[in-house]
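Spelled out, the chains give:
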Amino acid sequence: MNAAVATSIFGFFMVVTVGLGLLAVRGRHSGRGDRGGGLAEWSVGGRSLGTVFIWVLMAGEGYTSFSYLGAAGWGYNYGAPVLYVVAYMSCGYAVGYVVGPMLWSYARQHGLVSITDMVAHRYGRPWLGAALALLVTVFLLPYIQLQITGMGVVVSTISYGAISLNWAYFIGFAVTTGFVVVSGLRGSAWVSVLKDVLVVVTLAFLIVYVPLHYFDGYGDFLDRVVREKGEWLTLPGSGDSPYGEAWFATTTVLNALTVVIFPTTVAGYLGARNADALRRNAVLLPAYNVLLFVPMLLGMAALFVVPGLTGAGSNLALFELVVDSLPAWVVGFVGVAAALSSIVPMAVFMLVIGTMWGRSALSLLPGLRAPERQKTASQVVVVLAGGIALVMTYTVPNTLVRLSLISYEGMAQLVPMLLIGLVWRRLSLAGAVSGLVVGVAVVCGLVFTEHDPVFGVNAGILALAANLAVALAVSYAGPADRDARADDEVLARDPGADIGTGTGTDSEVSAEPAPATEPR
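Residues numbered from 1 in each chain as written. Predicted model: local features only at pLDDT ≥ 70, side-chain atom pairs only at ≥ 80, totals over all residues. Heavy atoms only, no water.

Draft legend 1. Region of interest: the overall build of the chain. Helix and strand content of the chain: 23 helices and 0 strands. The proportion of buried residues among the 520 residues of the chain is 59%. The long-range share in the chain, meaning contacts at least 24 apart out of those at least 6 apart in sequence, stands at 84%. Carbon and sulfur atoms make up 67% of the accessible area of the chain, which amounts to about 18900 Å² in all. (Helix = DSSP H or I, 4+ residues; strand = E, 2+ residues; numbered from the N terminus. Buried < 20%, exposed > 50% of the residue type's maximum accessible area, 1.4 Å probe, protein only. Contact = heavy atoms within 4.5 Å. Areas by Shrake-Rupley, 256 points an atom, 1.4 Å probe, with all protein chains shown as cover.)

So this is what it looks like as structure tokens:
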């Protein structure tokens, strides 16, 4: 009976999710300024999302299945090191206050829809966009796998084991794939509203209920943590954790830089109606991080209630508390909130992969250059990418946090090529590519030989340092840039930089963009 009640609630909300996706795109054709035959409407919401939709969409990417499972699992296993999530996201929002409007302006001006588009335009090489689409896909697939794994665990748990993990994984893949193919970014933003309401309500309930039910309130709970688990409250955390002060600081810096150029974050930037929406968003988003403390604290509470969880089982710390003491209908609502926290980011990841391939890679083929065919090709790639991630989930499972760290450390190597390249013309194509190759080689070598952290330091930031050193050395040693295009065509700027001088405003930058041109 418990399984029937919880899964019925879950099934109902999955239908509502698909319905919201269909409703979001009903009656919409190409968005204003969309010269992609519907690709810009599908991939970046027609560049017309306001502050509220951008906020819930980007908050949805920050609060994923990792927040319910991995954060609670790290709180359970290590304690204090899990606070790196709050640290890097808060710092990343500050960086995004500057970077977001700059990328939005650049993409708007040149009719671009992804980071691979931007890089191809900046360096004038279409093949570079195609190559990056392949590389970025490799680093994003583990993150899609993470969300499929997280949703599968949630569905199996709230069904009280009635739905096997294998079937739960498939349900997560099927719902998300069908949803994103039809609704694109705008549908994800609409579903994010529903997700955020459920997340706030369920976590507000749990943070009050768990200490009162299992302890005599917060005083008793925190007293027990200090007295019996004091090791969990300081870095490097419990046991033989390698995540000490150096790892915490370097991971915070690395991820704060990386999150602002992460393809899903950029998709949110490009969907904005204007640059001011992104600035307001950067100011408001840190408030959402308060919610991240809830699963972290509940993970430590589970130390006393369900001791002995090991390995991937520790990711169930929060749900063990929920299933153990709450009625099935409450379990169902908590499960829906966690499942939607997988669906929204997974949908955007798959959308981004499809967009990159449709615009930057497959469009180089003669038969796929027509705008309407690029959108169709992108939707096909979405299905293929989701299918590959599903197969990975079955064949090469891994712990949730490790998967996300691999993605971030790999994506971090694009920072010099994209961010530095868009503000400093002296960075040459040879320098950017050489640095990227070195950075990716170093991070893969360290991660896959299990040398991460390196002497307590995040391997990704060491790889980024090598990447930057090589990029600068090759750029300075090689010939100067011979690109005949003007700086305004090649480099990006903050669209608010000229406000008050009479030389430009957000509204001027918001004008209909020029069509994407073939880079020379």
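Still to come is the rest of the account.
Draft legend 2. Spatial organisation of a nonpolar patch on the surface. A cluster of nonpolar residues, Tyr97, Val98, Val283 and Leu284, forms a patch on the protein surface that exposes about 370 Å² of accessible area. If you trace the backbone, Tyr97 turns up in helix α6 (residues 84-110). What makes Tyr97 partly exposed here is its relative accessible area of 37%. (Patch = residues over 30% accessible without salt bridge, like charges linked within 9 Å, V, L, I, M, F, W, Y side chains within 5 Å. Salt bridge = Lys/Arg side-chain N within 4 Å of Asp/Glu carboxyl O.)

Draft legend 3. Representation of the side chain of Thr17 within the structure. Within the secondary structure layout, Thr17 lies in helix α1 (residues 2-25). Filtering out sequence-adjacent residues up to four positions away, Thr17 remains in contact with Phe179, Val191, Leu194 and Leu340.

Draft legend 4. Quick peek at the packing of α6 against helix α19 (residues 415-423). At a minimum axis distance of 12 Å, the contact between α6 and α19 shows a crossing angle of 75°. By the angle between their directions, the pair α6 and α19 is classed as roughly perpendicular. Seen from α6, the contacting residues are Val99, Met102, Leu103 and Tyr106; seen from α19, they are Leu419, Leu422 and Val423. Among the residues forming the contact of α6 with α19, the class breakdown is 7 nonpolar, no polar and no charged. (Axes fitted to C-alpha atoms, helices over the stretch in contact; angles between N-to-C directions. Parallel < 35°, antiparallel > 145°, perpendicular 65-115°, else oblique. Nonpolar A, V, L, I, M, F, W, Y, C, P; charged D, E, K, R; others polar.)

Draft legend 5. Up close: the nonpolar core. Ranked by size, the top nonpolar core spans 155 residues in total, and within it Tyr68, Met118, Ile144 and Phe319 carry the most contacts. The element best represented in this core is helix α16 (residues 328-361), accounting for 20 residues. What Met118 contacts, discounting residues up to four positions off in sequence, is Leu103, Tyr106, Ala107, Leu112, Val266, Leu270 and Leu418. (Core = buried A, V, L, I, M, F, W, Y, C linked by side-chain atoms within 4.5 Å.)

Draft legend 6. Representation of helix α21 (residues 459-477) within the structure. With 19 residues, α21 extends 27 Å from end C-alpha to end C-alpha; this agrees with the ideal 27 Å at 1.5 Å per step. When we look at burial in α21, the residues that qualify are Ala459, Gly460, Ile461, Ala463, Leu464, Asn467, Ala471 and Ser475. Between a side-chain oxygen at the N-terminus of α21 and the backbone nitrogen of Gly460 the separation is 2.6 Å; the capping residue is Asn458. (Expected span 1.5 Å × (residues − 1). Polar contact = N/O pair within 3.5 Å; in protein donor to acceptor, adjacent residues only side chain to side chain.)

Draft legend 7. View of the packing of α19 against α21. Two elements in contact, α19 and α21, have axes whose closest approach is 10 Å; the angle formed by their N-to-C orientations is 50°. Between α19 and α21, the interaxial angle falls into the category oblique. Seen from above, α19 lies across α21 with right-handed handedness. Counted together, Val415, Pro416 and Ile420 of α19 and Leu464, Asn467 and Leu468 of α21 form the full contact between these two elements. In the contact of α19 with α21, the residues fall into 5 nonpolar, 1 polar and no charged. (Left-handed = near helix turned anticlockwise from the far one by under 90°.)

Draft legend 8. Just the environment of Leu462, in detail. Secondary-structure assignment places Leu462 in helix α21. The spatial distance from the C-alpha of Leu462 to the C-alpha of Val442 is 8.1 Å, given a sequence separation of 20 residues. In this view, Leu462 contacts Val454 and Val457; residues no more than four positions away in its chain are not counted.

Draft legend 9. Local environment of the packing of aromatic side chains. Inspection of every chain in the model, using the stated rule, returns 25 aromatic pairs. On the numbers, 5.3 Å between centres and 85° between planes, the contact of Phe12 with Phe13 is edge-to-face. Phe13 sits in the buried class, given a relative accessible area of 11%. Through pairs of rings, three or more aromatic residues link up here, namely Trp74, Tyr78, Tyr84, Tyr88, Tyr143, Tyr243, Trp247, Phe262, Phe349 and Tyr408. Just above the ring of Tyr123 sits the side chain of Arg122; from NZ or CZ to the centre is 4.4 Å. (Phe/Tyr/Trp six-rings, centres within 6.5 Å; stacked < 30°, edge-to-face > 60°. Lys NZ or Arg CZ within 6 Å of the ring centre and 35° of its normal.)

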